[in-house]
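Letter by letter, the chains look like this.
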Amino acid sequence: MQLKRRHHWMNIFLWSNHFYGFCAMALACETSFTLLHHSLSLAQLSFIYFGTLFYYTYAYIIASQKSMSSARSAFYQKNKNYLNIRQFFLAAVILYLAFFELKMGAIILALTGTQQFILCSALAVSLLYYSPIKINPIKDLRHWGILKSLSIAWVWVIVTLIIPLLMNSSMEQLGKIFFIFYFIHIFIFILILALLFDTKDVEKDRLQSTKTIALTLGVKKMIQQIIYPLLAFYFFVIVLMANNFSQSFVFVFISSIPIVYLIILCQRIPKLHDVQQNIFFIDGAIFLKTMLGIALTYFYGSHT
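Residues numbered from 1 in each chain as written. Predicted model: local features only at pLDDT ≥ 70, side-chain atom pairs only at ≥ 80, totals over all residues. Heavy atoms only, no water.

Colleague: If you had to explain the overall build of the protein to someone new, which residues and values would you point to?
Modeller: Counting its regular elements, the protein contains 16 helices and zero strands. Within the protein, the fraction of its 304 residues that count as buried is 51%. The long-range share in the protein, meaning contacts at least 24 apart out of those at least 6 apart in sequence, stands at 74%. Split by element, the accessible area of the protein, about 15300 Å² in all, is 70% carbon and sulfur. (Helix = DSSP H or I, 4+ residues; strand = E, 2+ residues; numbered from the N terminus. Buried < 20%, exposed > 50% of the residue type's maximum accessible area, 1.4 Å probe, protein only. Contact = heavy atoms within 4.5 Å. Areas by Shrake-Rupley, 256 points an atom, 1.4 Å probe, with all protein chains shown as cover.)

What follows is the structure in structure tokens.
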């Protein structure tokens, strides 16, 4: 009975998207420590957490209306009224934090046109990913193969890297060389996780005509032809950061630990049949990466 109750609460934690909220907060914290050398405020962390919670709930409410039977869709259908009410309160909290606590309206108006375009692009991609409006033969972005994973990586980078800079009025970081390296390495990391996560839904994607890379190439070929080269490029970016900013071997070693973890995970992917396992082992890599990144900044000082 106790095990069953624990499993029930774990499902609520996952299906209610609290896990993704904590992932986003963790990655935003690493960004803040690495680029700004201080932690985010409670209001800033809350904005990222509640924003992530709101968006993922919005996305899965739409997905559950047209997806096949699954534990997640069953949870959303069973708790539809509660989730809709929660969305209303989340929206109110997010708007309050954005405009009254963080003064983001004034900050956004002060941005350059290019910076505003970057923010708007993330909003557009996030809405088009799970578009509630269908105009045949146009499909939402998640049906367009590599665009699905690229969209996820782009939005996560904006939310966890650009938004923390925006909230701290530090958008001048965008012009720095280290920021460019850091942006690329976060983008590649999230892209790898997004590609790996698609391995859990190959059969469902086949039936729904969602042409993911995992479905098109097959899981084994995708890992060999896409994931491993991306991991090699990820390592190359780490070496470039170390070389250009006079970092020691320790920086390269610690920064490369997530690569080792992901290589091991690639070997275990075929054995991860349960969606909960996929979420924890794949997306949970974010926590490993962020803890190592924060530790590097704390013990070795500024990377820049």
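Colleague: Go over the environment of Leu 127 with me, naming the residues and quoting the values.
Modeller: Relative to the elements of secondary structure, Leu 127 occurs in helix 7 (residues 113-129). With 69 residues separating them along the chain, Leu 127 and Tyr 58 place their C-alpha atoms 9.7 Å apart.

Colleague: Explain unusual backbone geometry to me, and be specific about the residues and the numbers.
Modeller: Here His 37, not a glycine, exhibits a phi torsion of approximately 65°, which is positive. Relative to the helices and strands, His 37 is located in the loop between helix 2 (18-36) and helix 3 (42-64). The phi torsion at Ser 169 lies on the positive side, around 50°, for a residue other than glycine. Positionally, Ser 169 belongs in the loop between helix 8 (146-167) and helix 9 (177-197). On the accessibility criterion, Ser 169 (51% relative accessible area) is exposed.

Colleague: Go over the packing of helix 9 against helix 14 (residues 257-268), please, and point to the residues and values.
Modeller: Running from N to C, helix 9 and helix 14 point in directions that differ by 10°, and their axes come no closer than 12 Å. Our classification of the angle between helix 9 and helix 14 gives roughly parallel. In the packing of helix 9 onto helix 14, the handedness of the crossing is left-handed. Along the contact surface, helix 9 presents Phe 189, Ile 192, Leu 193 and Leu 196, while helix 14 presents Pro 258, Leu 262, Leu 265 and Cys 266. (Axes fitted to C-alpha atoms, helices over the stretch in contact; angles between N-to-C directions. Parallel < 35°, antiparallel > 145°, perpendicular 65-115°, else oblique. Left-handed = near helix turned anticlockwise from the far one by under 90°.)

Colleague: Can you tell me about the nonpolar core, naming the residues and giving the values?
Modeller: Residues Leu 161 and Leu 196 are the most contacted members of the largest nonpolar core, which totals 97 residues. The element that contributes the greatest number of residues to this core is helix 9, accounting for 16 residues. For Leu 161, the residues in contact, after removing those within four places along its chain, are Thr 31, Leu 35, Trp 156, Phe 179, Tyr 182, Phe 183 and Ile 186. (Core = buried A, V, L, I, M, F, W, Y, C linked by side-chain atoms within 4.5 Å.)

Colleague: Hey, could you go over the pattern of salt bridges for me, with residue numbers and the actual values?
Modeller: Tallied over the entire structure, the rule returns two salt bridges. The salt bridge partner of Glu 30 is Lys 289, with a shortest N-O separation of 2.7 Å. With a gap of 259 residues between them, Glu 30 in helix 2 and Lys 289 in helix 16 (residues 285-300) connect regions that are remote in the sequence. Look at Glu 30 and you get buried, because its relative accessible area is 3%. Among the salt bridges present, the one from Lys 148 reaches Asp 198, with a minimum N-O distance of 3.0 Å. In this pair, Lys 148 is assigned in helix 8 and Asp 198 in the loop between helix 9 and helix 10 (202-207), connecting sequence segments 50 residues apart. (Salt bridge = Lys/Arg side-chain N within 4 Å of Asp/Glu carboxyl O.)

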